[in-house]
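# Structural overview
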Amino acid sequence: MPIQKDKVYQFASLSDYKLKQRILIRLADLTFYFLIKVLGLFTRFEVCGAENLADIKEAGKLPVLSLWHDRVFLGTYFLRDRGMVVMTSKSFDGEYIARFIQRFGFGAIRGSSSRGGVSALTGMVRSMRAGHPMAFTVDGPRGPRYKAKPGPVILAKKTGNPILPFVLEPYRCWTVNSWDKMQFPRPFTSALAIFGKPIYVDQNADQAEISRKLSELQRSLDDLTEQGKAWSGRKD
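These figures come from a predicted structure and were not determined experimentally.

### Notes on the packing of aromatic side chains
Overall, the coordinates contain 17 aromatic pairs when judged by the stated rule. When the ring of phenylalanine 32 is compared with that of tyrosine 96, the centres are 5.7 Å apart and the planes differ by 0°; the resulting orientation is stacked. Separated by 64 residues along the polypeptide, phenylalanine 32 in helix 1 (residues 19-41) and tyrosine 96 in helix 4 (residues 92-103) bring together distant segments of the chain. Summarising the aromatic geometry, the rings of phenylalanine 45 and phenylalanine 78 are spaced 5.1 Å apart at their centres and angled 50° between planes, so their arrangement reads as tilted. Residue phenylalanine 45 is found in strand 1 (residues 44-48), and its partner phenylalanine 78 is found in helix 3 (residues 72-78); the two are separated by 33 residues along the sequence. With relative accessibility at 23%, the residue phenylalanine 45 sits in the partly exposed group. On the accessibility criterion, phenylalanine 78 (9% relative accessible area) is buried. Here the aromatic residues Tyr33, Phe34, Phe45, Tyr77, Phe78, Phe104, Phe166 and Phe195 are joined through ring pairs into a cluster of three or more. Sitting over the ring of tyrosine 77, arginine 80 keeps its end group 3.9 Å from the ring centre.

### Digging into the nonpolar core
Of all hydrophobic cores here, the largest spans 34 residues; its most connected members are Leu65 and Phe166. Mapped by element, the contributors of at least two residues to this core are helix 1, helix 2 (50-58), strand 2 (64-67), helix 3, helix 4, strand 6 (163-170) and strand 9 (190-195). The element that contributes the greatest number of residues to this core is helix 1, accounting for 5 residues. Apart from residues no more than four positions distant in its own chain, phenylalanine 166 is found in contact with Leu65, Ser66, Leu67, Phe78, Leu79, Ala193, Ile194, Phe195, Leu221 and Leu224. Membership of the second largest hydrophobic core comes to 30 residues, among which are Leu62, Ile109, Ile163 and Ile199.

### Details of helix 7 (residues 207-232)
Taking 1.5 Å as the rise per residue, helix 7 with 26 residues should run 38 Å; its terminal C-alpha atoms sit 37 Å apart, in good agreement. Among the residues making up helix 7, those that are buried are Ile210, Lys213, Leu217, Gln218, Ser220, Leu221, Leu224, Thr225, Gly228, Lys229 and Ser232. On its buried face, helix 7 is in contact with strand 2, helix 6 (151-159), strand 6 and strand 9. Glycine 233, located one to two residues past helix 7, shows a positive phi value of around 80°.

Cut-offs used in this document
The residue numbers shown here count from 1 along each chain, following its written sequence. Restriction of local features to residues with pLDDT of at least 70 applies here, the model being predicted, together with a cutoff of 80 or more for giving and counting side-chain atom pairs; totals for whole chains, interfaces and linings are based on all residues. Side-chain metrics in this entry use all non-hydrogen atoms of the structure; hydrogen atoms and water are not considered. Any pair of Phe, Tyr and Trp rings, taking the six-membered ring for Trp, is counted once the centres come within 6.5 Å. Such a pair is stacked with planes under 30 degrees apart, edge-to-face with planes over 60 apart, and tilted for the rest. Numbered from the N terminus, helices here are DSSP runs of H or I no shorter than four residues, and strands are runs of E no shorter than two. The classification of residues rests on relative accessible area computed with a 1.4 Å probe and restricted to protein chains. Under 20% of the type maximum is buried, over 50% is exposed, and intermediate values are partly exposed. Any Lys NZ or Arg CZ found within 6 Å of a ring centre and within 35 degrees of that ring's normal is scored as a charge over the ring. Buried residues of nine kinds, namely Ala, Val, Leu, Ile, Met, Phe, Trp, Tyr and Cys, make up a nonpolar core once their side-chain atoms join them within 4.5 Å. Here a residue-residue contact requires only that any non-hydrogen atoms of the pair lie within 4.5 Å. How far a helix is expected to stretch is found by multiplying one less than its residue total by 1.5 Å.

This is how it looks when you write it as structure tokens:
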């Protein structure tokens, strides 16, 4: 059954969760929403490669935007209100994440690389055919850090829409002691948003070609990351 045009942008029911979990989901949702909004409001953005996104639109295509997991919070603010759809896990954490990103104008499809991945990919194909752009955190949800996974390549093959590599580099930030070293921008800092060259995947691509395109995506994201580090002076 095709996804309704606006269903992915609506909060899911919490009826399967216990009362304490429902309360915690709502609290986490609002906490992260306001935190990201405040951090975003106090960040000045510079954009590089905007013509690459424009080229996709002019070609009548939709982007399969791909970024690293550690940039997701500031990325949520920068990419807000563009109608992008993302995949969130079928879990307690995934539910509050889905809710706060939906407050920023994103859609959410439930699934993950380990749970519900096939059904989620089918949902993303249907959603793109309905006219919604996609966004992937390509090394999530558990890493390895900065190692691209094939989800965007498979989605690009199935839909004919190009992958758009994207890196967001804060000039000054805090990092969390987590597998991805999650970044939180410091107040009143700047951030460089870099859109890479679109990567098209032939709809008849075999496994060898998919592997080549995944390597191309990895190289592009690595290059954009180094470009961002050169701009900010960050070493890690």
